[in-house]
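Descriptive analysis of the structure
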Amino acid sequence: MNENKKNNEALLALIIEGIENVKGENITILDLRAIENTACDYFIICDGNSNTQVNAISGSVQRTVSKELKDKPWHVEGTTEANWVLMDYINIVVHIFQKETREYYNIEDLWGDAKITQVTSNQSTL
């Protein structure tokens, strides 16, 4: 169990790094572990400004995780329209939205019982 926690923490960090590498915004982590009957341990939610950026975020996350952990998502969907891309890493599900789509679905409110953490970016502006 301790090994699983370590793997989740490494995967979380790499997913966030992948999002930040292409300037994904409003990164939020929903910790679902204390909620019964959830499909995964965490949701990571972020947004991009266009379908191009949403797809770039998805690609960056996949490259970053693959490079460091030699892992790939079990399933990815939504890349055709790129309004909402879902990446399923089994224990962690990544939701990459365009801003308007994120506001419409408002996943954070749907999972209001989750522990919600806003990620502050490590990126410095030049």
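Each remark here, short or long, concerns the structure printed above.
Here we summarise the structure given alongside this text. Just so you know, these numbers come straight off a predicted model, no measurement behind them.

**Description of the overall build of the protein chain**
Scanning the protein chain for helices and strands turns up 4 helices and 6 strands. When the helices and strands of the protein chain are listed from N to C terminus, the series reads α-β-β-α-β-β-β-α-α-β. Taken over C-alpha atoms, the radius of gyration comes to 14 Å for the protein chain, in line with the 14 Å a tight globule of 126 residues would show. Seen through its principal axes, the protein chain has C-alpha atoms that stretch 40 × 35 × 30 Å. Taken across its 126 residues, the protein chain has 43% of its residues classed as buried. Accessible surface, the protein chain: about 7700 Å² in total, of which carbon and sulfur atoms supply 48%.

**A few points about the packing of aromatic side chains**
As enumerated under the stated definition, the model contains 4 aromatic pairs in all. Ring centres 4.7 Å apart and planes at 35 degrees place the aromatic pair Trp84 and Phe97 in the tilted group. With a gap of 13 residues between them, Trp84 in strand S4 (residues 84-88) and Phe97 in strand S5 (residues 92-98) connect regions that are remote in the sequence. Ring plane angle 85 degrees and centroid distance 4.9 Å describe the contact between Tyr104 and Tyr105, whose orientation is recorded as edge-to-face. The class for Tyr104 is exposed, based on a relative accessible area of 66%. Given the relative accessible area of 39%, Tyr105 is considered partly exposed.

**Things to note about unusual backbone geometry**
Even without being a glycine, Asn26 presents a positive backbone phi close to 50 degrees. Among the secondary structure elements, Asn26 is positioned in strand S1 (residues 25-31). By relative accessible area, Asn26 is classed as partly exposed at 43%. Positive phi values are uncommon outside glycine, yet Asn37 reaches one of about 60 degrees. Along the chain, Asn37 falls in the loop between S1 and strand S2 (42-48).

**Details of the nonpolar core**
One finds Ile15, Ile19, Ile44, Val61, Tyr89, Ile92 and Ile96 to be the most contacted residues of the largest nonpolar core, which totals 22 residues. Broken down by secondary-structure element, the contributors of at least two residues to this core are helix H1 (2-21), S1, S2, helix H2 (51-69), S4 and S5. Ranked by residues supplied to this core, first place goes to H1 with 6 residues. When near neighbours in sequence (up to four residues on either side) are disregarded, Ile96 contacts Cys46, Val54, Ile57, Ser58, Asn83, Trp84, Val85 and Met87. Formed by 11 residues, the second largest nonpolar core is a distinct cluster that contains Leu30, Leu32, Ile35 and Phe43.

**Details of the pattern of salt bridges**
In this structure the tally under the stated criterion is 5 salt bridges. Of the charged contacts, one joins Arg102 and Asp47 as a salt bridge, the two residues approaching to 3.0 Å between their closest N and O atoms. Of the two residues, Arg102 sits in helix H3 (residues 99-105) while Asp47 sits in strand S2, which places them 55 residues apart along the sequence. Given a relative accessible area of 9%, Arg102 falls into the buried group. When its relative accessible area of 3% is taken as the criterion, Asp47 is described as buried. Residue Arg102 is joined to Glu108 by a salt bridge in which the shortest nitrogen-to-oxygen separation is 2.4 Å. Given a relative accessible area of 15%, Glu108 falls into the buried group. Overlapping salt bridges bring together Glu25, Asp47, Lys99, Arg102 and Glu108 as one network.

Definitions and limits used
- Residue numbering note: each chain is counted from 1, following its sequence as written.
- Owing to the predicted nature of the model, reporting of local features is limited to residues with pLDDT of at least 70; listing and counting of side-chain atom pairs is limited to 80 or more, with chain, interface and lining totals taken over all residues.
- Hydrogens and water molecules were not included; the side-chain quantities draw on all heavy atoms of the structure.
- Each helix is a run of H or I in the DSSP string that is no shorter than four residues. Each strand is a run of E no shorter than two, and both are numbered from the N terminus.
- Here the radius of gyration uses the C-alpha set of atoms, whereas the globule reference equals 2.2 Å times the residue count to the power 0.38.
- Per-residue accessibility, obtained with a 1.4 Å probe over protein chains only, is compared with the maximum for each type, and a residue is labelled buried under 20%, exposed over 50%, and partly exposed between these values.
- The protein chains shown are the only cover counted for residues, whose accessible areas, like all others here, come from Shrake-Rupley with a 1.4 Å probe.
- Only centres within 6.5 Å qualify two rings of Phe, Tyr or Trp (six-membered ring in Trp) as a pair; their planes then separate them into stacked at under 30 degrees, edge-to-face at over 60, and tilted for everything else.
- The term nonpolar core refers to a set of buried residues drawn from Ala, Val, Leu, Ile, Met, Phe, Trp, Tyr and Cys, joined through side-chain atoms within 4.5 Å.
- Pairs of residues are marked as contacts when any of their non-hydrogen atoms sit within 4.5 Å.
- Any Lys or Arg side-chain nitrogen found within 4 Å of a carboxyl oxygen on Asp or Glu counts as a salt bridge.

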